Amino acid sequence: MFSPTIRVQRDDFDAAAESRLLTAGCHDIGALVSFVGLCRNEAGTLSALELEHYPGMAEAEMLRIAQLAIDRFSLIGLTAIHRYGRIEAGEQIVLVIAAAPHRQAAFDGANFVMDFLKTSAPFWKKEHGQDGSSGDWVAAKDADDSARDRWIKE
């Protein structure tokens, strides 16, 4: 049994390097699915997001979610990295890489992790406008809850 790589960090990450680390020496992997979430500029109105997290608790929840995905989809490798701090439009926020013997398990594992990260991990986002304004903290979205709930119903 492997231990997933879980990190919460201020610095950017290198998705290709993380994929190489995950697959190094492992010849049972038939599929590797990666997802990189980026900060959008919201049609030119957003300059950055400010991400905060609950230290210790965020990592623990990410590990719990990772273990659920590993068990459910028989993953043989998983990396999840989430950034915090000020993230400019176009910059990377989150990385999920799921490795499995077959592609469907890798796709489902990555989707599962992202759906639960968006709704269960203690991260908060505040918008910063192009005009220099500091907006409100971003509220949870019903669509994110619905995406997560489809895994609970299965």
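Before any of the text, the structure's been laid out above.
Residues numbered from 1 in each chain as written. Predicted model: local features only at pLDDT ≥ 70, side-chain atom pairs only at ≥ 80, totals over all residues. Heavy atoms only, no water.

Describing the nonpolar core
Put simply, the test is: Here, nonpolar core refers to any group of buried Ala, Val, Leu, Ile, Met, Phe, Trp, Tyr and Cys residues whose side-chain atoms link them within 4.5 Å. Accessibility here uses a 1.4 Å probe with only protein chains present; expressed as a share of the type maximum, an area under 20% marks a residue as buried, one over 50% as exposed, and anything in between as partly exposed. Labels follow the DSSP assignment, with helices taken as runs of H or I lasting at least four residues and strands as runs of E lasting at least two, numbered in each case from the N terminus. Here, two residues are considered to be in contact whenever any of their heavy atoms come within 4.5 Å of each other.
Among the nonpolar cores identified, the biggest contains 35 residues, and Leu75, Leu78 and Leu117 are the most heavily contacted of them. Counting only elements with at least two residues in this core, the list comes to β1 (5–9), β2 (31–38), β3 (46–53), α2 (57–73), β4 (77–83), β6 (92–100) and α3 (103–120). Looking at this core element by element, the count peaks at 8 residues for α3. With near-sequence residues (within four places) excluded, Leu75 lies in contact with Phe2, Ala69, Ile70, Ala98, Ala99, Ala100, Ala105, Ala106 and Gly109.

Some points on the pattern of salt bridges
Test applied: A pair is scored as a salt bridge if a Lys or Arg side-chain nitrogen falls within 4 Å of a carboxyl oxygen belonging to Asp or Glu.
A complete count under the given rule lists 9 salt bridges for this structure. The partner of Arg40 in a salt bridge is Glu42, with the nearest N and O atoms 3.0 Å apart. Between Glu88 and Arg86 there is a salt bridge whose closest N-O contact spans 2.8 Å. Under the relative-accessibility criterion, Glu88 is labelled partly exposed at 30%. Overlapping salt bridges, with partners in common, bring together Asp145, Arg148 and Asp149 in one network.

Thoughts on the pairing of strand β8 (residues 134–137)
For clarity, the cut-off: What makes two strands pair is DSSP finding at least two bridges between them.
Pairing analysis gives 2 bridges linking strand β7 (residues 123–129) to β8, with the strands arranged antiparallel. Residue pairing for β8: His128 is matched across the bridge by Ser134. As consecutive antiparallel partners, β7 and β8 are separated by 4 residues, and within that stretch Gly132 has a phi angle of approximately 90°, a positive value.

Topic: the packing of aromatic side chains
Given two aromatic rings, one states the distance between the centres and the angle between the planes to describe the pair. For the record, the criterion: Ring pairs shown here join Phe, Tyr and Trp side chains whose ring centres sit within 6.5 Å, with only the six-membered ring taken for Trp; geometry is labelled stacked below 30 degrees between planes, edge-to-face above 60, and tilted in between.
Tallied over the full model, the rule gives 4 aromatic pairs. An angle of 80° between the planes, with centres 5.6 Å apart, marks the rings of Phe73 and Trp151 as edge-to-face. Note that Phe73 is positioned in helix α2 and Trp151 in helix α4 (residues 142–153), a separation of 78 residues in sequence. A relative accessible area of 3% means that Trp151 is categorised as buried.

Observations concerning the sheet that holds β6
Let me state the cut-off plainly: Each axis is a line fitted through C-alpha atoms, taken for helices only over the stretch in contact, and angles between the N-to-C directions span 0 to 180 degrees.
Taken in spatial order, the 4 strands of this open sheet run β1-β4-β6-β2, and their pairing is mixed. Of all the strands in the sheet, the pair left with one neighbour each is β1 and β2. For this sheet, the mean angle separating the axes of adjacent strands, direction not counted, is 10°. Pairing of β4 with β6, which is carried by 6 bridges, proceeds in the antiparallel orientation. Within the sheet, the bridge partner assigned to Ala80 lies in β6 and is Val96. Packing of helix α1 (residues 15–23) onto the sheet brings it into contact with β1, β2, β4 and β6, and relative to β6 it is tilted by some 25°.

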